[in-house]
Amino acid sequence: MSVLQKSFLTLTPIRHWMVGLTAARLCSQKSKPAVASKLPYRVKLTGGKRHSWCACGHSKKQPFCDGAHKKFAPDLPPLRFVPEKDTTAMLCGCKRTGSPPYCDGTHFKVIFRSIRDFVLPRKSS
């Protein structure tokens, strides 16, 4: 295990949805995920059932994976997770969350950048 992986694992608390996630996978991503939605998806999750959250943003079945990452972002596979009980959750649509697959409010930054870029267009050189 590399020093980077050890430091990542010691700084990040392990949550039930992170079971299949490895530090190496988080650190080796080259593609940036596409923003599928600037707002989270409110979905009903079935406890004990495995769900695949789209991490690349290209799926037509958002927020869940339809295999589009194989063509558009092969280094961004879906995050598979199993909720403990039936629940309604807010799953991230902007794909920038710090607590995947759940929304942590990061989409506000994405919305702000869109507004800023619209109001203050970049100067052309």
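Residues numbered from 1 in each chain as written. Predicted model: local features only at pLDDT ≥ 70, side-chain atom pairs only at ≥ 80, totals over all residues. Heavy atoms only, no water.

Draft legend 1. Representation of a nonpolar patch on the surface within the structure. Judged by side-chain polarity, Ile-115, Phe-118, Val-119 and Leu-120 come together as a nonpolar surface patch covering roughly 480 Å² of accessible area. Its place among the elements puts Val-119 in helix α4 (residues 107-119). (Patch = residues over 30% accessible without salt bridge, like charges linked within 9 Å, V, L, I, M, F, W, Y side chains within 5 Å. Areas by Shrake-Rupley, 256 points an atom, 1.4 Å probe, with all protein chains shown as cover. Salt bridge = Lys/Arg side-chain N within 4 Å of Asp/Glu carboxyl O. Helix = DSSP H or I, 4+ residues; strand = E, 2+ residues; numbered from the N terminus.)

Draft legend 2. Spatial organisation of the nonpolar core. By size, the foremost hydrophobic cluster in this structure holds 12 residues: Val-43, Leu-45, Trp-53, Ala-55, Leu-79, Phe-81, Ala-89, Leu-91, Cys-92, Cys-94, Tyr-102 and Val-110. For this core, the elements supplying multiple residues, two or more each, are β1 (41-45), β3 (79-81) and β4 (87-91). In this structure, Val-110 is in contact with Val-35, Lys-38, Cys-94 and Arg-96, ignoring residues within four places of it in sequence. (Core = buried A, V, L, I, M, F, W, Y, C linked by side-chain atoms within 4.5 Å. Buried < 20%, exposed > 50% of the residue type's maximum accessible area, 1.4 Å probe, protein only. Contact = heavy atoms within 4.5 Å.)

Draft legend 3. A look at the side chain of His-51. Inspection of the secondary structure assignment puts His-51 in strand β2 (residues 51-53). Reaching out from His-51, the side chain makes a polar contact with the backbone nitrogen of Thr-46 at a distance of 3.4 Å. Ignoring sequence-local partners within four residues, the contact set of His-51 consists of Leu-45, Thr-46, Phe-64, Leu-79, Arg-80, Phe-81 and Pro-83. (Polar contact = N/O pair within 3.5 Å; in protein donor to acceptor, adjacent residues only side chain to side chain.)

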